[in-house]
Amino acid sequence: MVRTLEDRCRTAAARLGTPSPALDIQRLLALLARGDVRTQLPHLLQELTADLSPRFLELDSLLATATSAPTDDTEALLQLAAETAAALAVYHPDHALLGGRLAMLALYRRTPPDWPTYADEALGVGTLLAPEVAHLLRTQPERWAAWADPRLDFTYDYFAVRTLERSYLLRVGGAVRERPHQA
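Residues numbered from 1 in each chain as written. Predicted model: local features only at pLDDT ≥ 70, side-chain atom pairs only at ≥ 80, totals over all residues. Heavy atoms only, no water.

> It is not clear to me how the confidence of the model for the protein should be interpreted in this structure. Could you clarify?
Parts of the model with low pLDDT should not have their predicted coordinates read in detail. When pLDDT is averaged along the protein, the result is 82; 86% of the residues meet or exceed 70. Of all secondary-structure elements in the protein, the lowest mean pLDDT belongs to helix α1 (residues 5–16), at 53, while helix α10 (residues 158–167) reaches the highest, 95. (pLDDT = per-residue confidence, 0-100. Helix = DSSP H or I, 4+ residues; strand = E, 2+ residues; numbered from the N terminus.)

As structure tokens, then:
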């Protein structure tokens, strides 16, 4: 039996982890865009931990550390919250997953949300992206969006996200400009 590429990708995705059905990435990004991230952080953590073990998570200590930071920069606060959650992974592994979700959310804030913009940036830096593939990304973005499930990006723990950012994702001008499901 010959399996298509899509079948093989779905099988691999199922082995990686199951995304939380309650995770709505657009709603999370909208929460961050509302204003002061300090006031939105409890709601954000509630959304990100919906499928985790609340009994073992140290959310109070995470909130206290993140909200006591002397900066109002959303990126810096998300980074601090992700690092704090990762440091708490010694108490329960769900903290590492929460840290990964926070780090991935910060990555999503600074990367292009749509496939055509990603194709333009990837071609602009002379990557290995074939011009034919870039043309398909520009002309049929809905096909690619239906195929790639961005919720799978939120199944990585903190250390996996940092490894992806450091070694594998596309950089433009020193900043990561690619999401894992786009790679």
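> Honestly, the packing of helix α4 (residues 59–67) against helix α5 (residues 74–87) in this entry has me stumped. Any pointers?
The relative placement of two packed helices is expressed as an angle between their axes plus a distance between the axes. Packing of α4 against α5 brings their axes to within 9 Å, and their N-to-C directions diverge by 145°. For the pair α4 and α5, the crossing hand works out as right-handed. Facing α4, whose interface residues are Leu 62, Thr 65 and Ala 66, α5 presents Leu 77, Leu 80, Ala 81, Thr 84 and Ala 85. Residues belonging to the contact of α4 with α5 are distributed by class as follows: six nonpolar, two polar and no charged. (Axes fitted to C-alpha atoms, helices over the stretch in contact; angles between N-to-C directions. Left-handed = near helix turned anticlockwise from the far one by under 90°. Contact = heavy atoms within 4.5 Å. Nonpolar A, V, L, I, M, F, W, Y, C, P; charged D, E, K, R; others polar.)

> Is there a simple way to explain helix α3 (residues 37–48) in this structure?
Since the α-helix turns once every 3.6 residues, residues separated by three or four places project in the same direction. Along α3, the residues classified as buried are Val 37, Arg 38, Gln 40, Leu 41, Leu 44, Leu 45 and Leu 48. The buried residues of α3 occupy an angular sector of 145° when projected down its axis, which confines them to one face. At its buried positions, α3 is contacted by α2 (25–33), α4, α5 and α6 (94–109). (Buried < 20%, exposed > 50% of the residue type's maximum accessible area, 1.4 Å probe, protein only. Arc of directions from axis to C-beta.)

> Would you mind going over the packing of α2 against α3 with me for this structure?
At a minimum axis separation of 9 Å, α2 and α3 run at an interaxial angle of 165°. Regarding the angle of α2 to α3, the classification is roughly antiparallel. Our pair here, α2 against α3, has a crossing hand that is right-handed. Residue-level inspection shows Arg 27, Leu 28, Leu 31 and Leu 32 of α2 in contact with α3, the latter providing Val 37, Gln 40, His 43, Leu 44, Glu 47 and Leu 48. Split by residue class, the contact of α2 with α3 holds six nonpolar, two polar and two charged. (Parallel < 35°, antiparallel > 145°, perpendicular 65-115°, else oblique.)

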